[in-house]
Amino acid sequence: MNSSRHLSHWDAEDLAAWEAGGEDIARRNLFWSVVNVHLGYSIWALWPVMALFMPRDVYGFTAGDKLLLGITATLAGACLRPTYAVATAIFGGRTLAMFSAFVLLIPTIGAMVLLAHPGLPLWPYLVCAALTGMGGGNFAAAASNANAFYPHRLKGMALGLSGGIGNLGVPAIQIVGLVVIAVAGNRQPFWVCVLYLALLTTAGVGAALFMNNVAQHRLELGRLRSILSAVVSTRDTWVLSLLYLGSFGSFIGFAFAFAQILQTGFIAGGQSASRAALHAAQLAFIGPLLAALARVYGGRLADRIGGGRVTCGVFVAMVLAAGLLIAVGTVEDPHAGPVSGAAMAGYVSCLIALFVLAGLGNGSVYKMIPTVFAASSANLHMDATERSEWARVISGIVIGFVAGVGTLGGVGINLALRESFVATGTMTSAFWIFLAFYVFAALLTWISYVRRPG
């Protein structure tokens, strides 16, 4: 150890070192990584929540415009995730955690300014939404750091906690928004932003004081180029990306659109815009909350019975849930006019089931990444230590790459929902596309990792 914040060497597989204090260091780094990724998700989901504070008669934005804010934030996060993973390998986990917390102060302050000046055109809101996408990048940095600090036998748990508690940032800011609407009315978003300014500052300072950079985890540019070449040329990178496209893409896509889906459904049912916004806020956090908790369990379940089996089962169940949702929407579409309470309850229940299944899949797919590349390292002409190091490095980069590609699924879901609503006045037709992809993902998982797991 060169200083309290810089470690010259780290070997998570060394059981003696792990029990002699290594576990405490790993837990401390995981804790502050999780804090940062949790807040990053909250800021990433800032505009879908702020949309509830933006009545059309004041701001002039339609439901399609508000969905576009979520699409912009999702796309920016997808593009930044691979960059954050690579930057972690270059600059270190502690450095990236500090940066990722403090830089999110910019869009948070920007949101306060924009919401205080209604009547502005849509484009400055889109720019601010794109900046909140930096919060989506936090996950790639935190997951790469968790992968580096924990031994293989605990990676599913560590990655599940990092992703699951991070994902809780989405329902957390939705709950904060609900409290603000209930207490201060739907035109007082100031306190939401003020709270997160304080939390982000605390997270940045905590990362600076308590996290570590590890010298051996930082890559020189020459070696980084060879690793990146191996990442993009490996078939498993693309297969795992497609699986995460279905699981995490569903989570983040539905999480950003759920409030708007509910709000338009309540308005179609005859509620006023303000009452519909309150009811949407009361329900919108439930799906993301359950998905985040399920992600932790998905990682642990994958540790026990295998990531491929869990992932395949998840996609089969998602096919059934999407089919039921289409059936409910076909009989009584919640967005086409007044519907019965039973139909609305069935529609929301099917969406929540998709959230939970997507959360389980998120945890199991991320357990698969280090497992797949640890198995691949057996074919390399290296000793055991070199193979372990190669698997750690490449899986850390693949984590960011898969996260970025997977997030594009959220962009696709929001685009499909928006275009379906704009063209037909309903969102149900978009779920046929999602169902078809879940069928494809289940078959791909079975062929690639279940039928012939070796």
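Analysis parameters
- Residues numbered from 1 in each chain as written.
- Predicted model: local features only at pLDDT ≥ 70, side-chain atom pairs only at ≥ 80, totals over all residues.
- Heavy atoms only, no water.
- Helix = DSSP H or I, 4+ residues; strand = E, 2+ residues; numbered from the N terminus.
- Buried < 20%, exposed > 50% of the residue type's maximum accessible area, 1.4 Å probe, protein only.
- Contact = heavy atoms within 4.5 Å.
- Areas by Shrake-Rupley, 256 points an atom, 1.4 Å probe, with all protein chains shown as cover.
- Lys, Arg positive; Asp, Glu negative; His and termini not counted.
- Charge placed at Lys NZ, Arg CZ, Asp CG, Glu CD.
- Expected span 1.5 Å × (residues − 1).
- Disulfide = S-S within 2.5 Å.
- Core = buried A, V, L, I, M, F, W, Y, C linked by side-chain atoms within 4.5 Å.
- Phe/Tyr/Trp six-rings, centres within 6.5 Å; stacked < 30°, edge-to-face > 60°.
- Lys NZ or Arg CZ within 6 Å of the ring centre and 35° of its normal.
- Salt bridge = Lys/Arg side-chain N within 4 Å of Asp/Glu carboxyl O.
- pLDDT = per-residue confidence, 0-100.

A. Geometry of the overall build of the protein. Along its length, the protein carries 19 helices and two strands. Projected onto its principal axes, the C-alpha positions of the protein cover 70 × 50 × 35 Å. The buried share of the protein, taken over its 454 residues, is 59%. Considering only residue pairs separated by 6 or more positions, the protein has 85% of its internal contacts joining residues 24 or more positions apart. Surface accessibility of the protein: about 16900 Å² in total, with carbon and sulfur atoms responsible for 68%. Across the protein, the centroid of the 25 positively charged side chains sits 3 Å from that of the 17 negatively charged ones.

B. Fine view of helix α9 (residues 155–167). With 13 residues, α9 should reach 18 Å at 1.5 Å per residue; the first-to-last C-alpha distance of 17 Å fits that figure. Here α9 lies mainly inside the structure; 11 of its 13 residues are buried. Among the residues making up α9, those that are buried are Lys 155, Gly 156, Met 157, Ala 158, Leu 159, Gly 160, Ser 162, Gly 163, Gly 164, Gly 166 and Asn 167.

C. Representation of the state of the cysteines within the structure. Under the criterion given, the structure shown has zero disulfides. For the unlinked cysteine Cys 79, the closest cysteine sulfur is that of Cys 128, found at 17 Å.

D. Spatial organisation of the nonpolar core. Counting 146 residues, the largest nonpolar core has Trp 47, Tyr 366 and Phe 431 as the members making the most contacts within it. The element contributing the most residues to this core is helix α17 (residues 341–376), with 17 residues. The residues touching Tyr 366, leaving out its near neighbours within four places in the chain, are Phe 139, Ala 143, Leu 159, Tyr 244, Arg 295, Ile 399, Val 402 and Ala 403.

E. Region of the structure containing the packing of aromatic side chains. Within this structure, the stated rule accounts for 21 aromatic pairs. Note on Tyr 244 and Phe 248: the rings are 5.2 Å apart at their centroids and 10 degrees apart in plane angle, and the pair reads as stacked. Linking Tyr 244 with Phe 248, this pair stays in helix α13 (residues 235–268), spanning four residues, or about one helical turn. Of the residues examined, Tyr 244 reaches a relative accessible area of 0% and is grouped as buried. When its relative accessible area of 0% is taken as the criterion, Phe 248 is described as buried. Geometrically, the ring pair formed by Phe 248 and Phe 251 is tilted, given 5.8 Å between the ring centres and 45 degrees between the ring planes. Note that Phe 248 and Phe 251 are positioned in helix α13 at a spacing of three residues, about one turn of the helix. Judged by its relative accessible area of 0%, Phe 251 is buried. The aromatic ring of Tyr 366 is capped on one face by Arg 295, whose charged end is 5.2 Å from the ring centroid. Taking NZ or CZ as reference, Arg 451 lies 5.7 Å from the ring centre of Trp 446, over its face.

F. Region of the structure containing the pattern of salt bridges. The tally for this structure, following the rule as stated, stands at three salt bridges. Residue Glu 419 pairs with Arg 418 through a salt bridge whose shortest N-O separation is 3.2 Å. The exposure class of Arg 418 is buried, given its relative accessible area of 19%.

G. Fine view of the confidence of the model for the protein. Confidence along the protein averages 85 in pLDDT terms, with 93% of residues attaining 70 or more. At the low end of the mean pLDDT range in the protein sits helix α14 (residues 273–284), at 75; at the high end sits helix α7 (residues 122–132), at 95.

H. Geometry of helix α15 (residues 286–305). Between the first and last C-alpha of α15 there are 28 Å, a value that for 20 residues agrees with the 28 Å anticipated at 1.5 Å per step. Here α15 has its buried residues at Gly 287, Pro 288, Ala 291, Ala 292, Ala 294, Arg 295, Val 296, Gly 298, Gly 299, Leu 301 and Ala 302. Gly 306 sits one or two residues past α15 and shows a positive phi near 110 degrees.

I. View of the environment of Pro 107. The residue Pro 107 is located in helix α6 (residues 105–115) in this model. Between the C-alpha atom of Pro 107 and that of Leu 354, which follows or precedes it by 247 residues, the distance is 30 Å. Those residues in contact with Pro 107 that lie beyond four places of it in its chain are Ile 43, Leu 46, Cys 128, Leu 131, Thr 132 and Met 134.

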